[in-house]
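# Per-entry structural report
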Amino acid sequence: MSRIEGYGRIDRSRHVTVTVDGAAYTGHPGDSLASVLLAHDARPANTGVKLGRPRGIGASWTEDPTGLVQVEEPFPEPMLLATTVEATDGLVARGVNGQGRLSEVPDLARYDRLHTHCDVLVIGAGPAGLVAARTAARRGDDVVLVDDRPTAGGTLTGTETIDGRPSLDVVDEIVAELTTSPNVTHLQRTTAFGHYDDGFVLALERRTSHTDDGGLARRSRQRVHRIRAARIVVAAGAIERPIVLEDNDRPGIMLAASARDFLHRYGVLAGREVVVFTSDDAAYAAAVDLHDAGASVQVLDARATAPTLWSRRCADRGIAVTANTHVHGTRGEDRITAALVGPERREVACDLLLTSGGWNPTAHLFSHVGGRLAYDPSLGAFRPAAPRPGVEVIGAADGTFGLADILRQAGGVGAPPANEEPRDPTAVLWRTDGDPTRQFVDIQRDATVADIARAVGAGMTSVEHVKRYTTIGTAHDQGKTSGVIASGITAELLGRPVEDLGTTTFRPPYTPVAFAALAGRERGDLFDPVRTTPIHDRHVAAGAEFEDVGQWKRARHYPHPGENMTDAVLRECAAVRTSVGIMDASTLGKIDVRGPDAAVLLDRLYTNMMSSLKVGRVRYGVMCGNDGMVFDDGTVLRLADDRFLVTTTTGNAAAVLDWMEEWLQTEWPELRVRLTSVTEQWSIFAVAGPRSRDVVGAVFADLDVSNEAFGFMTWHDTALDGVPVRLARISFSGELAFEVSVSAWYAPAVWARLLEAGRDHGITPYGTETMHVLRAEKGYPIIGQDTDGTVSPHDLGMAWAVSKKKPDFVGRRSFGRPQNQDPLRKQLVSLLPTDAATKLPEGSQIVRFADDGRLPAPPVPMLGHVTSSYHSAALDRPFALALVKGGRERIGEVVGVPVAGELVPALIGETVLVDPEGARRDG
Amino acid sequence: MQLIACPWCGPREEIEFSYGGQAAVAYPADPASLSDEQWARFVFFRDNPKGPFAERWVHSAGCRRWFGAVRDTRTYEFLSVGPLSATTARTSVLPEATP
Ligand SMILES: [Zn+2]
């Protein structure tokens, strides 16, 4: 056991048991998984990803490149750092060999999102952040303070003195003041992981990671805070920089400050025989503290002379300090047994080697928003160069390292004082002499100095290229300890100053974030809004199968027991063609166009003339873009001189409204027109078939529905029990048909009345699939299925819908371009497979038919493709619509469609296959 | 996530907005008089400068109104926003208002 009495902030009165690699270990609340293992002189069974060498715990927090575990309980999560997993009773984990495993059971935990606006966001609750937050809070600012560790205080160990008192007492006092300030939100276990434009920061709060039961029943597991702050103070501290040396990947090699952190935070002594190898003063504090806790310690300082004050403190304790000395390598198998010291590589026995090459300011969150970093040779690190508006970087994150200086920078004249500690300059030392193939730069990626040399040898001179070639900095830790060193060693190998090379770009997230947390509640049913019509439950009750059309759920067909889709659709089609069917068309887009210039606007947007439409009448219209390609189609009802109701395709409703608004606002603002979406206000039911007049006439007895009184493409208002209803004779099937429109509130009642009235005629609810077949039999295209943005009205055979009288409308000029006149453009035609049996798959290519029925040798010229394909009840055979090059000239020609390796012959024909004379329209 | 200052609603999250491309590309007064090439330039060609760019935006998930903006394409920073001008060519604006 390496647990030391009198140290640490764990709760020794209570115990937790964790299981790692099958062995049970006892720890205490407040422990990390790593500290429990170190307390038992254990480590996770980790091996390097490429070379399979054993790996231990190399640091005490998120910068650890090696101590990864796969957590199994309470919930499977891959690639977590043992240093950041809080030890809770029942936790089960195991070491990983560089790769994790995703959970195979669904994650039932909740993840949430919270929006916060504040005057000041302080990132980091170390001494700098705490003082900055308190200063802002006392000023009256709305303050949010986030910190990624379980408790505030940053790297303070309690051995420091602030304002004449133990530092952690001052921390407690400030935290207490912040807690009682109504204008402060203080969140621990909350990592600010991304900083974006205009003061926007994403922070992940871990809400249950420290509770034994996971707390899942009561609270969300994690929460993403979306914080918008007028001012951001980055007080994220600094990360110690190791010194690269031969075989520096062995378990038992650690950052100096991390060993000190394990001691003061968890009461764990990470080794008994300790060698400290440093080029910076801070590591001496680790040497002294570990000695005082009972370790045998010696210090090897790479600098020419050791710092005076620290040398005296060491001498007082009998800690040997040797200046001007390098560690060149290590010995050991599963754990370090010796450091190789000096040019003669003298073996110095140890079970813990601490290295410190200085500190890298944690400027990630400054850099995310484009904050420029510059190399500071006195630190051997990159620090913020020029300020960014609204962002301050203070304390160690700014390269300020003395506690007294940090407090002054954070709190100004009101800051609490601390003792001034002299600091000797850091000596920049990226690596010592040794075998570059065993000098690990990114220990997680098994990437060595030799790999950098290979990249440089291959001609790479940019650190960004070296990063991608060597993979240094691309692991879970994103190069927190390896990035700057990689820049330094690359610079050395290139013989260029590191300030010229710079460092690789920091990008969010600062630490890994689970996709579940980013998704929040937006998964499953809440992934995307689902729109249903007012009679959706009737479709469900009728056994409908649904399809998604945009966000809408539309009934696709209504299979009877034992029917498949083909059976059901054939039955529904036959019902419409022989008697009567009813379809819920409520999802159609509906736009109310109103104002004295409404007709002018529609004339400019539709290819056909709308101003000549009489009140009471309906016209089919086509809209094109400036490029002359069909964008949408639908019917237009003229409700009054100054009012139209425009319908759009279901999927395009919002786009059409946006399109109309854009023209109205940006191009023709003088037109007095208002556009209002009424899609959800009106429900529409299509009643179609030779018996539809009987059904509609029975329900709406006040209305004369005869062909003479109620002609094709006209509409009439009526009422049912005082509820206004609009009927229109519009047909998308070629049959006699009525569209019944009613306020969505009354839709279920009207639907029921129509079904009741149609019962004697066997009225059959039909779905979108049936509607598609019926319209295809009549050659009516579906925009977006039979068109793809490269199809003009002429290509669809709809020249009749293009006005020749109007001087201009959107798209008109493009019709005159030679490309639009090309006789070889793809044109909509029908295809009848000559075997009268094969249903051609939609999307199939169309090629010339060879007499031998075989696919010709490639390259095979493509003539077009199948856009719609169905079985037809009316024709008693399969048929298709297709876009074919010069298609109308080819009518009567047999082409080939490759289906499952066979060439199926198909006859090109006119698009209208059922009732080409239109005899059925009026019943 | 940027904030975009709608001239009517004030600063809002960028996901509320839609981009409308280059400003100052008015619909030709008489398309029929244009050559095919001139027409194709209007339909298909837009500037793509590095630096300040006059653009049209619409606050589609807010007030649904179109407005003009000058934006630096290097930094995405909105240098100014303002209503579409009613006096100059209608789609062309160099907004006078600043956020
Ligand atoms: Zn707005």
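This paragraph deals with the sheet that holds strand 2 (residues 23–27) of chain A. All names here are of chain A. As summarised here, the arrangement of the 5 strands in space is 2-1-7-5-6, forming an open sheet in which the pairing is mixed. In this open sheet, the two edge strands, each paired with only one partner strand, are strand 2 and strand 6 (77–81). Within the sheet, the average angular offset between the axes of one strand and its neighbour, ignoring direction, is 35°.

All right, on to the environment of A:Leu675 then. You can see A:Leu675 is positioned in strand 38 (residues 674–677). Beyond its immediate chain neighbours, meaning those up to four positions away, A:Leu675 contacts A:Ile591, A:Asp592, A:Val593, A:Leu601, A:Leu657, A:Met660, A:Glu661 and A:Leu664.

Turning our attention to the coordination of the zinc ion. Residue and element names in this part refer to chain B. For the zinc ion, the full set of protein donor atoms is Cys6 (SG), Cys9 (SG), His59 (ND1) and Cys63 (SG), at a range of 2.0 to 2.3 Å. One way to put it: the 4 donor atoms around the zinc ion meet at angles of 105 to 118°, and that makes the site tetrahedral. Positions of the donor residues of the zinc ion, expressed as sequence spacing, correspond to C-x2-C-x49-H-x3-C. Of this pair, Cys9 sits in the loop between strand 1 (3–6) and strand 2 (10–13) while Cys63 sits in the loop between strand 4 (52–58) and strand 5 (66–72); the two residues are 54 residues apart in sequence, bridging distant segments of the chain.

Now for helix 11 (residues 483–494) of chain A. Residue and element names in this part refer to chain A. Here helix 11 contains 12 residues, and its C-alpha end-to-end distance of 17 Å stays within 8% of the 16 Å for a straight helix at 1.5 Å per residue. Among the residues making up helix 11, those that are buried are Gly483, Val484, Ile485, Ala486, Ser487, Gly488, Ile489, Thr490 and Ala491. On the buried face of helix 11, the contacting elements are strand 25 (359–361), strand 27 (381–384), strand 29 (440–442), helix 9 (449–457), helix 10 (463–470) and helix 12 (498–501). Immediately downstream of helix 11, the backbone of Gly495 shows phi near 70°, a positive value.

Attention now moves to the environment of A:Ala450. Residue and element names in this part refer to chain A. For Ala450, the position within the fold is in helix 9. Judged by its relative accessible area of 14%, Ala450 is buried. Measuring from C-alpha to C-alpha, the distance between Ala450 and Gly784 comes to 56 Å, with 334 residues separating the pair along the chain. If we skip the residues at most four places from it in the chain, Ala450 touches Pro436 and Thr437.

Facing 26 residues of chain A, the contacting portion of chain B comprises 23 residues. The largest contributions to the chain A side of the interface with chain B come from A:Thr666, A:Glu667 and A:Arg813, which together make up 28% of the buried area. Run the count over chain A and chain B and you get 4 salt bridges. Measuring nitrogen to oxygen at the nearest pair gives 2.6 Å for the salt bridge that ties B:Arg56 to A:Glu662.

Attention now goes to the pattern of salt bridges. Counted according to the given criterion, the structure contains 69 salt bridges over all chains. Between A:Glu420 and A:Arg408 there is a salt bridge, with its nearest N and O atoms 3.1 Å apart. Placement of the pair is A:Glu420 in the loop between helix 8 (403–411) and strand 29 and A:Arg408 in helix 8, with a sequence separation of 12 residues. By relative accessible area, which is 52% here, A:Glu420 ends up exposed. As a salt-bridge pair, B:Glu37 and B:Arg41 come within 3.8 Å of each other at their nearest N and O atoms. Of this pair, B:Glu37 and B:Arg41 both sit in helix 1 (residues 36–44), 4 residues apart, which is roughly one turn of that helix. Judged by relative accessible area, which is 55%, B:Glu37 ranks as exposed.

This part takes up the pairing of strand 26 (residues 373–376) of chain A. All names here are of chain A. Pairing analysis gives 4 bridges linking strand 26 to strand 27, with the strands arranged antiparallel. Looking at the pairing, Asp376 lines up with Ala381 of strand 27. In this structure, the hairpin formed by strand 26 and strand 27 is closed by a connection of 4 residues, where Gly380 is found at a positive phi of approximately 65°.

All names here are of chain A. By secondary structure assignment, the location of Asp281 is in the loop between strand 18 (273–278) and helix 5 (282–292). A polar contact is formed between the side chain of Asp281 and the side chain of Arg303, at a distance of 2.8 Å. Leaving out residues up to four positions away in the same chain, Asp281 has contacts with Arg303, Pro307, Trp310, Pro422, Arg423 and Asp424.

In this section: the packing of helix 2 (residues 127–139) of chain A against helix 8 of chain A. Residue and element names in this part refer to chain A. Here helix 2 crosses helix 8 at 25°, and the two axes come no closer than 8 Å. The orientation of helix 2 relative to helix 8 falls into the category roughly parallel. As helix 2 packs across helix 8, the resulting crossing turns out to be right-handed. Touching Pro127, Ala128, Val131, Ala132 and Thr135 of helix 2 are Leu403, Ile406, Leu407, Ala410 and Gly411, all from helix 8. Counted by class, the contact of helix 2 with helix 8 contains 8 nonpolar, 2 polar and no charged residues.

We now examine the packing of helix 16 (residues 598–605) of chain A against helix 17 (residues 653–667) of chain A. Residue and element names in this part refer to chain A. Packing of helix 16 against helix 17 leaves a shortest axis separation of 11 Å and a crossing angle of 110°. Comparing the axis directions of helix 16 and helix 17 gives the class roughly perpendicular. In this structure, helix 16 meets helix 17 at a crossing whose hand is right-handed. Between helix 16 and helix 17, the contacting residues are Leu601, Leu602 and Leu605 on the first element and Trp659, Met660, Trp663 and Leu664 on the second. Among the residues forming the contact of helix 16 with helix 17, the class breakdown is 7 nonpolar, no polar and no charged.

Calculation criteria
- Residues numbered from 1 in each chain as written.
- Chains lettered and ligands numbered in written order.
- Predicted model: local features only at pLDDT ≥ 70, side-chain atom pairs only at ≥ 80, totals over all residues.
- Heavy atoms only, no water.
- Pairing = 2+ DSSP bridges.
- Helix = DSSP H or I, 4+ residues; strand = E, 2+ residues; numbered from the N terminus.
- Axes fitted to C-alpha atoms, helices over the stretch in contact; angles between N-to-C directions.
- Contact = heavy atoms within 4.5 Å.
- Donors = N, O, S within 2.8 Å, 3.2 Å for Na, K, Ca; no water.
- Tetrahedral: all angles 85-135°; square planar, octahedral: opposite > 155°, others 65-115°.
- Expected span 1.5 Å × (residues − 1).
- Buried < 20%, exposed > 50% of the residue type's maximum accessible area, 1.4 Å probe, protein only.
- Buried area = accessible area lost by both parts, 1.4 Å probe.
- Salt bridge = Lys/Arg side-chain N within 4 Å of Asp/Glu carboxyl O.
- Polar contact = N/O pair within 3.5 Å; in protein donor to acceptor, adjacent residues only side chain to side chain.
- Parallel < 35°, antiparallel > 145°, perpendicular 65-115°, else oblique.
- Left-handed = near helix turned anticlockwise from the far one by under 90°.
- Nonpolar A, V, L, I, M, F, W, Y, C, P; charged D, E, K, R; others polar.

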